[in-house]
Amino acid sequence: MSLEIASLRAGLRRLPACPAAAPSPPPTFRRRGAPNFCSPSLRRAGAPSPAARAARAVVETKERAATEATPSPPPVRIVAVVGEGASSPLKGATWSEVMLHTAKRLKWVDDGFEMHVFTDNFCQFKDQASAKLQEELRHADILVIIAVTSQESVKWIERNSKNIQNIISFDSSPGLSNKLGGSVVQTETKGTIFGKLVGTFESKQTKETSDVIETISEAWMRRNSDDIRFCLLIVINAYIRPVPILKNLRSKGFSTLNCMVKNCGPQILNCLLDPNCRKALQCLNQCSPVDQVCNYRCIASYESPILEAFSLCVLQKNNCLELDAAIPEKPYVPPMVKFRGENICHESAEDLFVGWLGNLDWSWRVVAGQNPAYDQFPCQYQLFYRGKAKGSFWYEPVFQVKTLEGKMVWRRRRYRVKRGKIPGTFYFSVLDNGVVSNEFWTIVDVSDDLSWGLFHYSGAARVAGQSYTGAVLVSPDGQYPKETDDGRLASALENCGIKDWELYAVDNCSCLDPPLGIPEGSSLHCVIQVDKPKL
C-alpha cells in the first residue's frame, strides 16, 4: 500500500450542501480552556499598570522587529492573453470575462498575486495598449495564453515572451511554446489542452514536474472557475513561491508510518482486508494531493464504516499526516438584514433555513451550486430543524452520488448548527467519513415568498489539510426561480463574488425515494409564517 494515503485529506471533508463563500468574518477558533483576555471579567478597570505598560512595550518592540526582519515577498506577476471575443465553456462567458474574474479570485488567496488580462488584438498594433502588454510581459512570472489562434498574434507573443520562465497555453495554436520552471515542454499531442500536458522536457523530467503537469491538465479539463484558478496556483506553488493552501499533503515518510502503525494498526488492517475500503485508498492515491474534486469523488463513491474508522484514527484522532487548514477569510459575504420588511433576528434566520419543511418533506432543494467538489451532486435535499434539546439546531443534506463504478447511491450527513454573532450567520460542524469539518455559513438572501434562497459557506477539514468555499441557490422544487425580484438574485450573487456563469445546474430529474425524514420530537418554524408552496 502506498503511504500516500495522505490523499484522504480532501475527501474526508464534507458533502454537498448549500452555502458557499464567506460571510461575516469567519470564526477565529480559540483553544478550548484558554483565557480570553478580551473578556470583561478578566480586564481590570482603569489605566494599565506601569508593569503592564512595560510588558506591552517589550512585546510591541519584538513584533516590530519580527515584521522588519521578514518583509513581504515580492508580488507574483501573471499576464493572461486571450483570444479577442473568444467564448469560454462557462455558459458562453468570454475568456476575457473569466480571466478578469479569476484575477479577482486570486487576490482572495494572496493579495500579492497580480494578474493583468489582455486580448490578443493588442498584439497586432503598435499603440498604447500594445506597449502596456509589452511592459507587463517584461516583468511577468507567468504567461497564460487562452484561445489564441491568430498566427500574427502567435508570432508577436513568441517574440515578446522569451524571458518568461512559465508559459502555459490552453486551447490555442500548437505553435505556441509551453514552459515550466524555464524548461520547454515538448508536447506529444498537438493542439489539445496544453498538449494534454503530457510530454517531455528538454531536461530530464522529474516526478514532481510530471505530477504538476498531470494535475494542471486534469483540472483544466473540468472547465470551471475554481479549477482555472487552481491551475495558476499550482504553477505558483511549484515554480515561484509556496502557496499555503497547497502545501504538500502527502505522507511525511517515516514519522507518518510510525504514527499509523503505533496508533491505528487494527484500523489499517481492516481497511486493507476490505475490498471497498481498499478501493477507496487506491482511488485516493491516484488523485493529486491537492485536488479536492478528485479526492472527494473517491470518498463519496467508496464510503463505509471501515473507511470511516480508518480515517478517524489516522487523521482525526492522531493527525498522522501532520496537516492543518483554516477556514478562508475571503471573500467577506454580508448576511441579509431584513426579511419581509422586518430586521432579521436569530430565530427568523433559523426559520429561513427551515424553509418549506412541514409543508413539504424538505426545507429546500438545491438548484445550482458553485463549488465543483461539493455542490454538483444530483438530487440535493436540505433538511433544517430544531432538535429536542434547548437551543439545538441541525442540518441534514441528502443527495445522490454517481460512484466511480457507475452506480447511483444516496448519501446523508448530519451537521450541528450554532448561531453566529450576527443574525443570518452560523457555524456548522460535521463528522464526514471520520474527519471533522467546520464551516461558516451565511444566509445571503431569501425572497419574501420563499421562492428562492442563496446560501454561502466557507469551511475547512483541518486534519485533512483542506480549505474550501461554495454557495448554493435553492428553491422549494429544485427548479430555477422564474422571478428573481428585479435583479435581487444577481445582486446576492455579486455579494458572494460569484458570477452566474460559475454555477453548476444540479440534476433534479431522477430523484426517486430519497431517504428523508427528521427525528421524532423535532420542531420547525418559530416566528415566520410559511404558506403552502405553489409548485
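Residues numbered from 1 in each chain as written. Predicted model: local features only at pLDDT ≥ 70, side-chain atom pairs only at ≥ 80, totals over all residues. Heavy atoms only, no water.

One finds Phe 353, Phe 428, Ile 443 and Val 446 to be the most contacted residues of the largest nonpolar core, which totals 74 residues. Sequence-distant contacts of Phe 353, defined by excluding residues within four places in its chain, comprise Ser 363, Trp 364, Phe 384, Phe 393, Phe 426, Phe 428, Trp 441, Ile 443 and Phe 455. Within the second largest apolar cluster, 39 residues are counted, among which are Met 99, Val 185, Ile 216 and Val 243. (Core = buried A, V, L, I, M, F, W, Y, C linked by side-chain atoms within 4.5 Å. Buried < 20%, exposed > 50% of the residue type's maximum accessible area, 1.4 Å probe, protein only. Contact = heavy atoms within 4.5 Å.)

The next thing to look at is the state of the cysteines. Going through the model one piece at a time under the given rule, you end up with 6 disulfides. With its sulfur 1.9 Å from that of its partner, Cys 283 forms a disulfide with Cys 298. Judged by the sign of its S-S torsion, about -70°, the bond between Cys 283 and Cys 298 is left-handed. Linking Cys 283 in helix α9 (residues 275–285) with Cys 298 in helix α10 (residues 292–302), this pair joins segments that are 15 residues apart in sequence. Of the two residues, Cys 283 and Cys 298, both sit in the buried class. Here Cys 287 connects covalently by a disulfide to Cys 294, the sulfurs 2.0 Å from one another. Negative torsions about the S-S bond denote left-handed disulfides, and the value of about -70° found for Cys 287 with Cys 294 makes this one left-handed. What links to what in the protein chain: the bonded cysteines, counted in sequence order, pair as 1-10, 2-9, 3-4, 5-8, 6-7, 11-12. There is no disulfide at Cys 509, and the cysteine sulfur nearest it, in Cys 511, is 7.4 Å away. (Disulfide = S-S within 2.5 Å. Helix = DSSP H or I, 4+ residues; strand = E, 2+ residues; numbered from the N terminus.)

Before going further, it helps to spend a moment on the packing of α9 against α10. For the pair α9 and α10, interaxial distance at closest approach is 9 Å and the crossing angle is 170°. Taken together, α9 and α10 sit at an angle that is classed as roughly antiparallel. On the side of α9, the interface is formed by Asn 276, Lys 279, Ala 280, Cys 283 and Leu 284, while α10 contributes Asn 295, Cys 298, Ile 299 and Tyr 302. Residue classes in the contact of α9 with α10 are distributed as 6 nonpolar, 2 polar and 1 charged. (Axes fitted to C-alpha atoms, helices over the stretch in contact; angles between N-to-C directions. Parallel < 35°, antiparallel > 145°, perpendicular 65-115°, else oblique. Nonpolar A, V, L, I, M, F, W, Y, C, P; charged D, E, K, R; others polar.)

Our next topic: the pattern of salt bridges. Summed over the entire model, instances satisfying the criterion amount to 22 salt bridges. The salt bridge partner of Lys 279 is Glu 405, with a shortest N-O separation of 2.9 Å. Residue Lys 279 is found in helix α9, and its partner Glu 405 is found in the loop between β12 (393–402) and β13 (408–412); the two are separated by 126 residues along the sequence. Residue class for Glu 405 comes out partly exposed when judged on its relative accessible area of 44%. Its salt-bridge partner being Arg 419, residue Glu 350 comes within 2.9 Å of it at the nearest N-O pair. (Salt bridge = Lys/Arg side-chain N within 4 Å of Asp/Glu carboxyl O.)

Enumeration according to the criterion identifies 26 aromatic pairs in this entry. Here the aromatic rings of Phe 377 and Phe 399 are separated by 5.5 Å at their centres, their planes lie at 45°, and the arrangement is tilted. Of this pair, Phe 377 sits in the loop between β10 (364–369) and β11 (381–386) while Phe 399 sits in strand β12, and the two are 22 residues apart along the sequence. By the burial criterion, Phe 377 is buried, and Phe 399 matches it. Sitting over the ring of Trp 362, Arg 365 keeps its end group 5.7 Å from the ring centre. (Phe/Tyr/Trp six-rings, centres within 6.5 Å; stacked < 30°, edge-to-face > 60°. Lys NZ or Arg CZ within 6 Å of the ring centre and 35° of its normal.)

A few words now on helix α12 (residues 346–354). Counted residue by residue, α12 has 7 buried out of 9 residues, so it is predominantly covered. Every buried residue of α12 is listed here: Ser 348, Ala 349, Glu 350, Asp 351, Leu 352, Phe 353 and Val 354. Directly after α12, the chain includes Gly 355, whose backbone phi takes a positive value near 55°.

In this model, helix α3 (residues 95–109) (15 residues) spans 21 Å end to end at C-alpha, consistent with the 21 Å of a helix rising 1.5 Å per residue. Residues of α3 that are buried include every one of Trp 95, Val 98, Met 99, His 101, Thr 102, Ala 103, Arg 105, Leu 106 and Trp 108, and no others. (Expected span 1.5 Å × (residues − 1).)

Position of Lys 179 among the secondary structure elements: in strand β5 (residues 178–180). In this structure Lys 179 is buried but unpaired, with Glu 158 as the nearest side chain of opposite charge at 8.2 Å. Of the polar contacts made by the side chain of Lys 179, one reaches the backbone oxygen of Ile 164; its length is 2.6 Å. Setting aside its immediate chain neighbours within four residues, Lys 179 contacts Ser 161, Lys 162, Ile 164, Gln 165, Asn 166, Ile 167, Val 184 and Val 185. (Lys, Arg positive; Asp, Glu negative; His and termini not counted. Polar contact = N/O pair within 3.5 Å; in protein donor to acceptor, adjacent residues only side chain to side chain.)

Next up on the list: unusual backbone geometry. Look at the link from Lys 330 to Pro 331: it is a cis peptide, with omega at 0°. The topology assignment puts Pro 331 in the loop between α11 (305–317) and β8 (338–339). Residues other than glycine seldom take positive phi values, yet Asn 319 does so here, at roughly 45°. Looking at where Asn 319 falls in the secondary structure, it is placed in the loop between α11 and β8.

Another point: the pairing of strand β15 (residues 425–432). Pairing between strand β14 (residues 415–419) and β15: 4 bridges, direction antiparallel. Within β15, the position partnered with Val 417 by the bridge is Phe 428. Counted along the chain from β14 to the antiparallel partner β15, the turn is 5 residues long, and its residue Gly 424 has a positive phi close to 95°. Sheet analysis places β15 next to strand β16 (residues 435–446), joined by 8 bridges and oriented antiparallel. Counterpart to Leu 431 in the pairing with β16 is Val 436. (Pairing = 2+ DSSP bridges.)

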